Amino acid sequence: MAGERISYRIGRSGFRDFETGNKREWLLSNGIGGYANSTVHGNSSRIFSSYLIASLHPPVDRVLVLAKTHEEFIFYREQEDSEAARKELLAPERFVSAEASTEGVKVVRRDLATAQYPGYLREGYRYQTGFNFDFWPEYHYFSDGIKMSKRIALTYGKNETVISYTLENRSGKKAVFSVTPLFNFRPFGEVSEKNSLDFSVQCSGREILLTPRAAGEYQIRFAASEGDLHDRRERKTSMATPNYLIEENQLYCVDMQNGFTGVDHHFTPYELHVCLEPGERKEIGLVCELLGGEESKNQEYGREKNLLDYVKRVFEEVALRAEGLLERAGSADALTGRLVLSADHFLVRRASTGYMTILAGYPWFADWGRDTMIAFTGLTLATGRFEEAREVLLSFAKYVSQGMIPNVFPNHAKEEPMYNTIDASLWYFYAVYKYLQYTTGLPCYRAEEKLSDNKLAAELLEEEIFIRDKIYPVLCEIFESYQKGTARYGIHMEEDGLIAGGGGLDQLTWMDVRVGDIVVTPRHGKAVEINALWYNAIRCMHLFKKRFFAENELENAPGDEELDTLSKRVCQSFVEKFWNPALGCLYDTVGEKGRDASIRPNQIFAVSLPFSMLPAEKEKSIVRVVYENLYTPYGLRSLAPGESGYHKKYSGRLIERDLAYHMGTTWGYLAGAFFDAWAKTMGQSEQEKDQLNQMIESFADHMADGCLGGIAEIFDGDFACESRGCYTQAWSVAEVLRARRELLKK
């Protein structure tokens, strides 16, 4: 039945030590670019880790608001009341680590926080009994007869986090449960200096309002359903702990591995204390939200009459929304269900257009044109989210300039989009074709079917009319700019009908790294996948024109005969210039300096795209070469081992990682095209179907590692296993999901 999905339950072996616990993490998102992320044992392993990263101008201008919360159990060693324990808490003591002795100390303190600092760790995971992740993360702890569970969720469409605690005191003593929120207001990829944590603070009852002095139009609101807020300035200080207002010197292990040597600081003005009687069970709700504009001026905004009920309602709405996504996707397969939920993270609303767009990856990418169009089918169409698909197409149509869609929207709303891409606009044709294939169900939108002459405008469906009226003029503009050479970066069609572009320091294909004046993967001239996409664009234009119009109704629309002649010329030129008979595969680029015979994965698109220029035997040969040299269980290598410049591992400082990025590193998204090509060329025997199923299923193991439910951007070349780059990437998730639905019908 629809609604099945993989859920993750991790016992103590998953965080048996600090390093093991850092290997798995979770992600929540709010549909406007904000998100939350941490590890299964609660350590913040990245600069981007947080319980609330908010988007000021969705989906960009993201700031870290609530880094996390630190919890503690506190009780008096002797049979006295919990107030004595609370007063003892204010003594000038440093945090007692989980394994340290408390002998001779009246107060017993169980620090449940897991964090890293220069020279020491807080090891609260030693009290952790388990971790679950389904629609939200859930942590479980136990110590001295007291149980605690903690759930975290984001309110959809709002910069707000809710946290729910369930406490059970099965001991014979009174106890205090303490929660310290760690606040900030910094750009999400940077760290804070102590002097930058400058807030005006108001506290009333169980509510705190923080106003960043550098951004007075915003307020951070934190509220609790129960307990007392205590000013941490009242705590007695010492040489060991000179300041309780700032959580100092937090380290991030992932960033340290990548060469970052800095530390972070967070603002901790108050802590919440909740008293627990022996045998008592309590539920506590917390809310942290970022208010902006009129919201921040209205002091009554968001003040719920019953905060605990509100928190419970948010969790209920999160569950209902997730179940609705699964129902709409209509799959009874658990792996597909989890991919559907993971796909939702990337679909966000862009304020500048009012439409949906697609974030390229977490934790740092904004919306990229190329990534969006490749991920489009898996994220929107394979999940049954057709309305969102229309919005994505419209969102990028609004930004077409000189016949090109943007390569990337910057991380700041005031900055203009960049157009340094030769392929994003061509992937747009593919996205439109797939939209019509899914939404109409007509055989003419399957490449193997021929369009009969009697299928003309009178029979158009609603989805076709939308494309004809809103998108087709944009396609004509793009097509003309490529054909006539009016696009940027010297992109143009040459006499042989093939597309060429780029030069000098330009990096226009997806292999786009440049380190200063070093162009790591120069692919100037005619690139293999660009011309496979160009041929598909020609065939799509021919199909759309024939389907939409009895006569040519747009001035810049190419004619039937012109398109037919051009497609034949491109097909002939492509085979003549890109086929490498010595290796039985395709050259990667053809340019003034000759042909690049490096074995790269870009050639797989010449087989996988809907319209192919190659005879069957050449397609099969390409797939075999790619399988033997580039295939890994988690995607395709960007360069074959043994080729000049091959890097077997993606690690180290930024420059070292950049040099490896497209020089051997494995890319998850390429698996989708490879699966298509395999299914197309290797026959339909049960043995081949089983092989395909096993290859697609192999991603399930990775989805239980790294970011739970996600698929990483990249992996090492030699041993593709550990997540690298973005811990979950839009096109990686999308292409595995699309292949699973289209090829395995799951």
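Residues numbered from 1 in each chain as written. Predicted model: local features only at pLDDT ≥ 70, side-chain atom pairs only at ≥ 80, totals over all residues. Heavy atoms only, no water.

**Things to note about the packing of helix α9 (residues 424–440) against helix α11 (residues 528–548)**
Two elements in contact, α9 and α11, have axes whose closest approach is 9 Å; the angle formed by their N-to-C orientations is 45°. When the interaxial angle is binned, α9 and α11 end up oblique. Of the two elements, α9 crosses α11, and the hand of that crossing is left-handed. Of the residues in α11, those touching α9 at L426, W427, F429, V432, Y433 and L436 are I530, L533, W534, A537, C540, M541, L543, F544 and F548. Classifying every residue of the contact of α9 with α11 by side-chain character gives 15 nonpolar, no polar and no charged. (Axes fitted to C-alpha atoms, helices over the stretch in contact; angles between N-to-C directions. Helix = DSSP H or I, 4+ residues; strand = E, 2+ residues; numbered from the N terminus. Parallel < 35°, antiparallel > 145°, perpendicular 65-115°, else oblique. Left-handed = near helix turned anticlockwise from the far one by under 90°. Contact = heavy atoms within 4.5 Å. Nonpolar A, V, L, I, M, F, W, Y, C, P; charged D, E, K, R; others polar.)

**Concerning the nonpolar core**
As a rule of thumb, nonpolar side chains are buried together in soluble globular proteins. If you look at the biggest cluster of nonpolar residues, it comprises 237 residues, and the most contacted ones within it are L393, Y428, I471, W534, F544 and F674. Considering each element in turn, this core owes the most residues, 13 residues, to α11. (Core = buried A, V, L, I, M, F, W, Y, C linked by side-chain atoms within 4.5 Å. Buried < 20%, exposed > 50% of the residue type's maximum accessible area, 1.4 Å probe, protein only.)

**Looking at the packing of aromatic side chains**
Evaluation of the coordinates by the stated rule reveals 45 aromatic pairs. Pairing W510 with W667 gives two aromatic rings, centres 4.9 Å apart and planes at 80°, and the pair type is edge-to-face. Note that W510 is positioned in the loop between β26 (499–500) and β27 (514–515) and W667 in strand β36 (residues 666–667), a separation of 157 residues in sequence. Judged by its relative accessible area of 4%, W510 is buried. Pairwise contacts between aromatic rings join Y627, Y631, Y634, F674, F675, W678, F699 and F715 into one cluster. The lysine or arginine in question, K173, covers the ring of F75, its NZ or CZ lying 4.8 Å from the ring centre. (Phe/Tyr/Trp six-rings, centres within 6.5 Å; stacked < 30°, edge-to-face > 60°. Lys NZ or Arg CZ within 6 Å of the ring centre and 35° of its normal.)

**Quick word on the pairing of strand β7 (residues 114–117)**
Residues of β7 alternate between two faces, with T114 and Q116 on one and A115 and Y117 on the opposite face, all of them buried. With four bridges connecting them, β7 and strand β8 (residues 120–123) associate as antiparallel partners. Bridge pairing links A115 to R122 in β8. Remark: two residues form the turn of the hairpin made by β7 and β8, two consecutive strands paired antiparallel; G119 in that turn has positive phi of roughly 90°. (Pairing = 2+ DSSP bridges.)

**Observations regarding the sheet that holds strand β34 (residues 631–632)**
What the four strands build is an open sheet, ordered β34-β35-β36-β38; its pairing is antiparallel. Only two strands of the sheet have a single neighbouring strand rather than two, namely β34 and β38 (714–715). Pairing of strand β35 (residues 635–637) with β36 involves two bridges; the strand directions are antiparallel. Across the sheet, residue R637 finds its bridge partner in β36, namely T666. Docked against the sheet, helix α16 (residues 670–681) engages β34, β35 and β36, running at close to 100° with respect to β35.

**Remarks on the state of the cysteines**
According to the stated counting rule, one finds zero disulfides in the structure shown. C540 carries a free sulfur, and the closest cysteine sulfur to it, the one in C444, is 11 Å from it. Classification of C540 by relative accessible area gives buried; the value is 2%. Note on C707: no disulfide assigned, nearest cysteine sulfur contributed by C726 at a separation of 10 Å. (Disulfide = S-S within 2.5 Å.)

**Observations regarding empty space enclosed by the protein**
Evaluation of the coordinates by the stated rule reveals four cavities of 30 Å³ or more. If you add up the space inside the second largest cavity, you get close to 80 Å³. Surrounding the second largest cavity, 16 residues form its lining, G501, L508, T509, R523 and H524 being those nearest its centre. Along the lines of polarity and charge, the residues of the lining of the second largest cavity split into six nonpolar, seven polar and three charged. (1 Å grid on protein atoms, 1.4 Å probe; cavity = no way out; pocket = protein on both sides within 12 Å on 5 of 7 lines; lining within 4 Å. Points joined across faces, edges and corners; volume = space filled by probe spheres on them.)

**With respect to the environment of Y399**
Here Y399 is to be found in the loop between α8 (386–397) and α9. For the pair Y399 and P417, spaced 18 residues apart in sequence, the C-alpha separation works out to 8.3 Å. Apart from residues no more than four positions distant in its own chain, Y399 is found in contact with S352, T353, M404, P406, F409, P417 and Y419.

**Quick look at the packing of helix α17 (residues 686–697) against helix α19 (residues 730–743)**
Between α17 and α19, the least distance of the axes is 10 Å, while the angle of their chain directions is 155°. With respect to α19, the element α17 is oriented roughly antiparallel. The hand of the α17/α19 crossing is left-handed. Contacts from L692, I696 and E697 of α17 reach α19 at V736, A739, R740 and L743. Residues belonging to the contact of α17 with α19 are distributed by class as follows: five nonpolar, no polar and two charged.

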